[in-house]
Amino acid sequence: MGAISQSSYEMAHLIGAAVLMAGFQLLYQRRLSAVLNTFAFQALALAAAAGWQAHIQNAPHLYITAGLALVFKAMIVPFALHWLVERLGIHKTVETAMSIGWTMIAGVALVGLSILLVLPVTANATALTRESLALAMSVVLLGLLMMITRHNAVTQVVGFMALENGLILAAVSAKGMPLVVEISIAFSVLVAMTLFGIFFFRIRERFDTLDLQNLDTFRGDRQ
Amino acid sequence: MSAVLAQIVQIFLVVALAPLITGWVRKVKSRLQGRIGASPLQPYRDIYRLLQKEAVVAHSASWVFRAAPYVTFSAVWLAAAVIPTFTTNLLLAPAADLIALVALLGLARFWTALAGMDVGTAFGGMGASREMMIASLAEPAMLMVSFSLSLISGTTSPTQIIAFILGGGVGIEVSMGLALAALIMVAIAENGRIPIDNPATHLELTMVHEAMVLEYSGRHLALMEGAAMVRLTLFMALIGGIFAPWGMAVPSPEMSGANVLAEMVGLAAFLAKCFVLATALAVFETMIAKMRVFRYADFLGGALLLGLLATIFLYVSEAV
């Protein structure tokens, strides 16, 4: 690996770090519209990461991944969610299960966990692969954390999609992922998005709210 | 230029330039808000005017109140004098240290807070208490940034860190990016800029720094305001020097000193960096609203966590 490709990998990691920072931003935001904008930014950073990987790996099919991320996740999904929030008249502050500070600390702990996990698994890999895997893994775990610590269905969906951003980040960093997989992931996200939208309407129709805690009583848990 | 001469130039440069930077930030902000705004040179006139005026001291004030402006200004000035701006060839460079820098800024802050409480007015005490709350959150973050920088370069001296980075010792590192983000957040808090504190406000409930220096007048106020301006310059020199050190003159062994041309380039680069950073600060401050006091912990906790992440990622990229 020459000096030029070394620095271009470092650039890739910097973009990956931007995706991770957006993951933390998602945990930090308290307003629904800010959460959606941050998610759009994360998707934008993901598209940049995919585009950069396409450039340095000389793999044109990754440009399609970048395009998919840009069009679907940075534009259509945030717009649709904005529209849904507007349409459903959802309360615009984010309700959290834990305080924001504790969520952020848990997030850093998860990044530490993913690094501890990645280090032994990739003992034979180079430091560069290790770093990109650790980054992607952290983004996935932060998405999970977001799903756990938010009451509202919309923010949980954003958490799910952030998790999925992490998966794509891992996929584009590893060499030789077939395009079929990516396209199917992208479309399944879109389908999932549509389904979530329908579910939002259904949930609200039945319970007059999108706070999923109200579903617990329905399930018979907290009586 | 010899190290002694460069040091003397540096000492006076930071003080001479500081009001201009503050004035420029104010000018850009007023333009963005649709006002004409005062000339960027206005802070010089303000300080000159304050120096002419009589210093009024409250009856209840002790010697702490009178000493605080001098201690604060000297601590900040000393800190600014050792951060390389245009050359790393400074006489005091061996004494410069990021941890000492945090301590000097802490000293200045401690004395300002003492002075705020000394007179016994409600606002001074409130400002001091808030300032200490911000300090207790910002200082760990600043130290964390220092640790990750020193882990990368193997030294806590800003001069050597800059020389190390200029020498190509570090590529584009994830840790450097995270440390930069954390340092910018700390700098915003330390300088009392929006969203933490509003330097232009005199609204009772929102002021922090202004509340502490409310009782000052005349030359005391000039020193306190000067200290705030020099602190802003210091953080610009620190951020510009460590994360964009290009153009800075580095003494090379084959040209023993006397490299005036490189130092001129370094000076021009420093001015350009300050210009860019000040404009960026003004744009950022115009775009964002001030934060509630109880959200400071989240903001600065975020800076601390970013610093922590920077350190963690060092172990990923450097381990084994």
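Keep in mind the model is a prediction, meaning the values are calculated, not measured.

Visitor: Give me the overall build of chain A: which residues, what numbers.
Guide: Tallying secondary structure elements over chain A gives eight helices and zero strands in all. Its helices and strands taken in sequence order, chain A reads α-α-α-α-α-α-α-α from the N to the C terminus. For chain A, the proportion of its 223 residues judged to be buried stands at 41%. Within chain A, contacts between residues separated by at least 24 positions form 72% of all contacts whose residues are at least 6 apart in sequence.

Visitor: Quick rundown of the interface of chain A and chain B? Include the residues and the values.
Guide: Facing 21 residues of chain A, the contacting portion of chain B comprises 18 residues. At the level of secondary structure, the elements contributing two or more residues to the side of chain A that touches chain B comprise helix H1 (3–28), helix H4 (100–121) and helix H5 (127–149) of chain A. Tallying contributions element by element places H1(A) first for the side of chain A that touches chain B, with nine residues. Residues of the side of chain A that touches chain B, tallied by class, amount to 13 nonpolar, five polar and three charged.

Visitor: How would you explain unusual backbone geometry if you had to name every residue and give the values?
Guide: The omega angle of the peptide bond from Ile194(B) to Pro195(B) is 10°, so this bond is cis rather than trans. Along the chain, Pro195(B) turns up in the loop between helix H7 (174–190) and helix H8 (209–212). With a phi angle near 55°, Asn58(A) is a residue other than glycine that sits in the positive phi range. Looking at the secondary structure, you find Asn58(A) in the loop between helix H2 (32–57) and helix H3 (61–88). With 8 C-beta atoms packed within 10 Å, Asn58(A) lands in the exposed category.

Visitor: I'd like a description of the nonpolar core, backed by residues and values.
Guide: Residues and elements named next belong to chain B. Core analysis: the biggest nonpolar cluster contains 169 residues, and Ala141, Ala182 and Val186 have the highest contact counts within it. Considering every element that reaches this core, the biggest residue donor is helix H9 (residues 218–243), with 15 residues. Val186 has contacts with Ala138, Ala141, Met142, Val145 and Ala303, leaving out every residue within four places of it along the chain.

Visitor: Please set out the packing of helix H1 (residues 3–32) of chain B against helix H3 (residues 63–82) of chain B residue by residue, giving values where relevant.
Guide: All names here are of chain B. Packing of H1 against H3 brings their axes to within 9 Å, and their N-to-C directions diverge by 120°. Between H1 and H3, the crossing angle belongs to the class labelled oblique. You can see that H1 and H3 cross each other, and the crossing is right-handed. Here Gln10, Ile11, Val14 and Val15 of H1 come into contact with H3, specifically with Trp77, Ala80 and Ala81. For the contact of H1 with H3, the class distribution of residues is six nonpolar, one polar and no charged.

Visitor: If you had to explain the packing of helix H5 (residues 122–153) of chain B against H7(B) to someone new, which residues and values would you point to?
Guide: Residues and elements named next belong to chain B. Where H5 contacts H7, the two axes come as close as 9 Å, and the packing angle between them is 150°. Between H5 and H7, the crossing angle belongs to the class labelled roughly antiparallel. Helix-helix and strand crossings are classified by hand; for H5 and H7 the assignment is left-handed. Mapping the contact onto sequence places Ile134, Ala138, Ala141, Met142, Met144, Val145, Ser148, Leu149 and Ile152 in H5 and Ser175, Met176, Ala179, Ala182, Leu183, Val186, Ala189 and Glu190 in H7.

Visitor: How would you explain H5(B) if you had to name every residue and give the values?
Guide: Along its 32 residues, H5(B) runs 46 Å from first to last C-alpha, staying within 8% of the 46 Å computed at 1.5 Å per residue. Just beyond H5(B), the residue with positive phi is Gly154(B), at close to 80°.

Visitor: Quick rundown of the environment of Leu141(A)? Include the residues and the values.
Guide: Residues and elements named next belong to chain A. In this fold, Leu141 is placed in helix H5. Residue classification places Leu141 among the buried positions, given that 21 C-beta atoms sit within 10 Å. Those residues in contact with Leu141 that sit more than four places away from it in its chain are Leu110, Leu113 and Ser114.

The rules behind the values
Residues numbered from 1 in each chain as written. Chains lettered and ligands numbered in written order. Predicted model: local features only at pLDDT ≥ 70, side-chain atom pairs only at ≥ 80, totals over all residues. Helix = DSSP H or I, 4+ residues; strand = E, 2+ residues; numbered from the N terminus. Buried ≥ 20, exposed ≤ 12 C-beta atoms within 10 Å, placed from the backbone. Contact = placed C-beta atoms within 7 Å. Nonpolar A, V, L, I, M, F, W, Y, C, P; charged D, E, K, R; others polar. Core = buried A, V, L, I, M, F, W, Y, C linked by C-beta atoms within 7 Å. Axes fitted to C-alpha atoms, helices over the stretch in contact; angles between N-to-C directions. Parallel < 35°, antiparallel > 145°, perpendicular 65-115°, else oblique. Left-handed = near helix turned anticlockwise from the far one by under 90°. Expected span 1.5 Å × (residues − 1).

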